[in-house]
Amino acid sequence: MRTVELLCSPGLDAEVRAVWGRLAAAGLPSLARNTHPTNRPHLTLAAVDGFPPGVEDRLAGLFDVALPVPVTLDRIVVLDGSAPLVWLVRPTPALTALHTAVWDVLADADGQRPWHAPGAWVPHLSLALRFRDADLRMARAVAGGQRPTGKFAAARSYDGTDRTVTPLG
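The following paragraphs examine the structure supplied in this document. (Residues numbered from 1 in each chain as written. Predicted model: local features only at pLDDT ≥ 70, side-chain atom pairs only at ≥ 80, totals over all residues. Heavy atoms only, no water.)

### Describing the packing of helix α2 (residues 55-66) against helix α3 (residues 93-105)
Geometrically, a packed helix pair is captured by the angle between its two axes and the distance between the axes.
Phase 1: Running from N to C, α2 and α3 point in directions that differ by 165°, and their axes come no closer than 10 Å. Classed by the angle they form, the pair α2 and α3 counts as roughly antiparallel. For α2 against α3, the interelement crossing comes out right-handed. Contacts between α2 and α3 pair Val55, Arg58, Leu59, Leu62, Phe63 and Ala66 from the former with Leu98, Ala101, Val102, Asp104 and Val105 from the latter.
Phase 2: Partitioned by chemical class, the residues of the contact of α2 with α3 number nine nonpolar, no polar and two charged. (Axes fitted to C-alpha atoms, helices over the stretch in contact; angles between N-to-C directions. Helix = DSSP H or I, 4+ residues; strand = E, 2+ residues; numbered from the N terminus. Parallel < 35°, antiparallel > 145°, perpendicular 65-115°, else oblique. Left-handed = near helix turned anticlockwise from the far one by under 90°. Contact = heavy atoms within 4.5 Å. Nonpolar A, V, L, I, M, F, W, Y, C, P; charged D, E, K, R; others polar.)

### Thoughts on the pattern of salt bridges
Phase 1: Within the structure shown, the criterion is met by eight salt bridges.
Phase 2: Note that arginine 90 is salt-bridged to aspartate 74, the shortest N-O span being 3.6 Å. With a gap of 16 residues between them, arginine 90 in the loop between β4 (85-89) and α3 and aspartate 74 in strand β3 (residues 69-78) connect regions that are remote in the sequence.
Phase 3: Judged by its relative accessible area of 38%, arginine 90 falls in the partly exposed class.
Phase 4: With a shortest N-O distance of 3.2 Å, arginine 132 and aspartate 135 are connected by a salt bridge. (Salt bridge = Lys/Arg side-chain N within 4 Å of Asp/Glu carboxyl O. Buried < 20%, exposed > 50% of the residue type's maximum accessible area, 1.4 Å probe, protein only.)

### Comments concerning the nonpolar core
Phase 1: In this structure, Leu6, Phe63 and Leu85 are the most contacted members of the largest nonpolar core, which totals 47 residues.
Phase 2: Sequence-distant contacts of phenylalanine 63, that is, excluding residues within four places in its chain, are made with Val4, Leu6, Leu45, Leu98, Val102, Ala155 and Leu168. (Core = buried A, V, L, I, M, F, W, Y, C linked by side-chain atoms within 4.5 Å.)

### Section: the environment of serine 126
Phase 1: Along the chain, serine 126 turns up in strand β5 (residues 124-128).
Phase 2: Not counting chain neighbours up to four residues away, the residues in contact with serine 126 comprise Trp20, Leu31, Leu85 and Val86.

### Re unusual backbone geometry
With glycine set apart, most residues show a phi of negative sign, and most peptide bonds adopt trans.
Phase 1: In the segment running from leucine 67 into proline 68, the intervening peptide bond is cis, with an omega of 5°.
Phase 2: Along the polypeptide, proline 68 turns up in the loop between α2 and β3.
Phase 3: The phi angle at arginine 130 is positive, at roughly 50°, despite the residue not being glycine.
Phase 4: Its place among the elements puts arginine 130 in the loop between β5 and α4 (136-143).
Phase 5: Residue arginine 163 is not a glycine yet carries a positive backbone phi of 55°.
Phase 6: Among the secondary structure elements, arginine 163 is positioned in the loop between β6 (149-159) and β7 (164-167).

### Some points on the side chain of serine 157
Phase 1: Relative to the helices and strands, serine 157 is located in strand β6.
Phase 2: Serine 157 gets classed as buried once you look at its relative accessible area, which sits at 1%.
Phase 3: From its side chain, serine 157 meets the backbone oxygen of threonine 3 in a polar contact 2.7 Å long.
Phase 4: Residue contacts for serine 157: discarding those within four places in its chain leaves Arg2, Thr3, Phe51, Thr164, Val165, Thr166 and Leu168. (Polar contact = N/O pair within 3.5 Å; in protein donor to acceptor, adjacent residues only side chain to side chain.)

### Observations concerning the environment of aspartate 108
Phase 1: On the secondary structure map, aspartate 108 appears in the loop between α3 and β5.
Phase 2: A relative accessible area of 69% means that aspartate 108 is categorised as exposed.
Phase 3: The sequence separation of aspartate 108 and proline 52 amounts to 56 residues, and the corresponding C-alpha distance is 7.1 Å.

### Regarding α2
Phase 1: Relative to the 16 Å expected for 12 residues at 1.5 Å per residue, α2 spans 16 Å between its end C-alpha atoms, a close match to the ideal helical length.
Phase 2: Regarding α2, the residues found buried are Val55, Leu59, Ala60 and Phe63. Buried positions in α2, seen along its axis, are confined to an arc of 130° and lie on one side of it. Structural note: α2 exposes Asp57, Asp64 and Val65 on the side pointing more than 90 degrees away from its buried face. (Expected span 1.5 Å × (residues − 1). Arc of directions from axis to C-beta.)

If you want it as structure tokens, here you go:
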């Protein structure tokens, strides 16, 4: 599997990592416990089985023009389904247009994950996986009530087969 992800500006990255740390310190599930070197706050725009020829270059060109994109984080919620604890991202017109453009570039890719598709996508930054609804109130208290702002400043692709990342742009 290959993903297309946006990476946070340094200040926003630090704020998300601080919440990861506070969740872990409170004994709650947290991505702070994932010590793999590729683990960092990111917004997934798409995931596919693999990239057709030329897609990496097309995506890099797209991100070279579109980034940075301003971002504001919103509420902390538990998503249905796989139950991750996430910080919702307010979808601006610029972010929505970029998301759609990425899907246009990936139109011929096999194995498109439908939960990332335009119209179904819930933009978010993950805080923890397999989180219980019962712990949501505590997680919100630990995280604090702030609505951080920043930018998505870079893009990458994660390769789930070999657990490596490739910068895009």
